[in-house]
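If you want the building blocks of each chain, they are given just below.
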Amino acid sequence: MRAENRNRAETAALARVPSQDLMVVTILALVVRIVWHLFVPVRDWPDTAVYQATGHALLSTGAMSSGNYMPLYPLAISVLGPNGILILQGVVSALSAAVVQLISFDLFRSRLAAFLAGLMAALSPSLVFYAHMRLTETIYIALLLLAFLSFYRGRFAVGSVCVVLSILTRPTLDLLAPLLIVAFCIARRETGLRTVALRLGLYALVYGALMAPWWWHNWNLYHTFVRLDLGMGNLLVIENSALFDRVGLDFQALAPAWERFNGIADPIARDRAMVDAALHYITSDPIHWLQRCMERFLRFWNPMPGSDSAAVNAISFVTVVPVYGLAVFALLRLSFQQWLLIVPILLLAAYLTAIHTVTHGIPRYRLPLEPFLIILASFSLAEGLTAIVRRRA
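The notes below deal with the structure included here. Keep in mind it's a predicted model, so treat the numbers as computed, not measured.

1. Description of the overall build of the protein
Along the backbone of the protein there are 20 helices and zero strands. Since a compact globule built from 393 residues should have a radius of gyration of about 21 Å, the 22 Å found for the protein is in line with a globular shape. Looking at the protein as a whole, 48% of its 393 residues are labelled buried. Restricting to contacts in the protein with at least 6 residues of sequence separation, those with at least 24 account for 73%. For the protein, the exposed surface amounts to about 19,300 Å²; the carbon and sulfur share of it is 67%. A distance of 12 Å separates the average location of the 30 positive side-chain charges in the protein from that of its 22 negative side-chain charges.

Shown next as structure tokens:
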């Protein structure tokens, strides 16, 4: 009996990441982000000022002053203040490294791979950099990781809440979410029609409950139903215009591309006019648009962010390219069962790539995929290190 209990305890211990591993990764990630915060000055992007202004308007008047954003991040930055949001992001980013560790372990059942994944996420220059920027990336990625961890563990209610909160931060996953839930059912080999239908129904209930206040806000503001935001026109017209053909990715020079629609007072009509203008540009020369799509695809996956600093580009290249290589190698090494497990990750990668290939693509928009690339890369790295140790032994 004692031997049986001991075996059960050992099996249970092997089925989870040791708490000391999680603590090491989290503390290291937090220390790195604190050091960065203390010694690197904050450089706000133009989006930050809009987040603060529209969040303040929402709190003071009950209505967003800009229709291009979802409400969660503007509310957070307005409630916490410009310094408080950075503190929150530093903590959230550090904890996200531990979540990366947990997802890696759930996928591959390797303590070494999980620890390496957490370590790489803790030290990732891109994740550290954006934790120090007043932008949606850090909180959005944390919600995305928590959703994946919850779904992998069969907690579909928690995962659904995290997905909808991510949509209220950035609306990217709105169309993908139902397919993701089906993909997680496949990954967990729970593909009965009743099971899948119940989980989709649960998501629909969570989606409706959490989105209802936002829909009510939009109804009061626009006097019609607006499910998400009015940012699609801006997103499409940036690169799908004759002006972009002349000036390229110079946002200051690109301003007239959307400013020419400012004379349209109705925000919904203005957004529709932008979408129509972009679609007219696309359909008038579809071959040219396909060429632009290829450019956006390459830019989206470019390991260098296109910074004015050669050092920043070099650091990014040196840290990202090995992750790419190891992630691809992992895909070649996975068993059929492991391929089933990563179906949701592959679906997410394909979806984000497609969305930003046909609309507007920059390396920043690839950032939500970095933790998942790290998870795959850590599997290859752990296998390689284990093989080296075995040969030497």
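From this point, the discussion proceeds with the structure in view.
2. Some words on the nonpolar core
In this structure, I103, F148, I167, M211 and L348 are the most contacted members of the largest nonpolar core, which totals 90 residues. In terms of residue count, helix 4 (residues 72-108) provides more of this core than any other element does, 15 residues in total. Other than its neighbours up to four places away in sequence, I167 contacts M70, L173, D174, Y203, Y207, M211 and L228. Of all hydrophobic cores here, the second largest spans five residues; its members include I238, F244, L254 and A257.

3. Describing the packing of helix 5 (residues 111-123) against helix 20 (residues 370-392)
Between helix 5 and helix 20, the least distance of the axes is 8 Å, while the angle of their chain directions is 130 degrees. With respect to their mutual orientation, helix 5 and helix 20 come out oblique. In the crossing of helix 5 with helix 20, the sense of the turn from one axis to the other is right-handed. Contacts from L112, A113, L116, A117, M120 and A121 of helix 5 reach helix 20 at I374, I375, A377, S378, F379, L381, A382, L385 and T386. When the residues that make up the contact of helix 5 with helix 20 are grouped by side-chain class, the tally is 13 nonpolar, two polar and no charged.

4. Describing the pattern of salt bridges
Tallied over the full model, the rule gives 15 salt bridges. Here E190 and R199 are joined by a salt bridge, their closest N and O atoms 2.6 Å apart. For E190, a relative accessible area of 23% corresponds to the partly exposed category. Overall, the relative accessible area of 16% leaves R199 in the buried class. As a salt-bridge pair, R292 and D245 come within 2.7 Å of each other at their nearest N and O atoms.

Cut-offs used in this document
- Residues numbered from 1 in each chain as written.
- Predicted model: local features only at pLDDT ≥ 70, side-chain atom pairs only at ≥ 80, totals over all residues.
- Heavy atoms only, no water.
- Helix = DSSP H or I, 4+ residues; strand = E, 2+ residues; numbered from the N terminus.
- Rg over C-alpha atoms; globule rule 2.2 N^0.38 Å.
- Buried < 20%, exposed > 50% of the residue type's maximum accessible area, 1.4 Å probe, protein only.
- Contact = heavy atoms within 4.5 Å.
- Areas by Shrake-Rupley, 256 points an atom, 1.4 Å probe, with all protein chains shown as cover.
- Lys, Arg positive; Asp, Glu negative; His and termini not counted.
- Charge placed at Lys NZ, Arg CZ, Asp CG, Glu CD.
- Core = buried A, V, L, I, M, F, W, Y, C linked by side-chain atoms within 4.5 Å.
- Axes fitted to C-alpha atoms, helices over the stretch in contact; angles between N-to-C directions.
- Parallel < 35°, antiparallel > 145°, perpendicular 65-115°, else oblique.
- Left-handed = near helix turned anticlockwise from the far one by under 90°.
- Nonpolar A, V, L, I, M, F, W, Y, C, P; charged D, E, K, R; others polar.
- Salt bridge = Lys/Arg side-chain N within 4 Å of Asp/Glu carboxyl O.

Interpretation note: all reported values are geometric properties and have no functional meaning in isolation.
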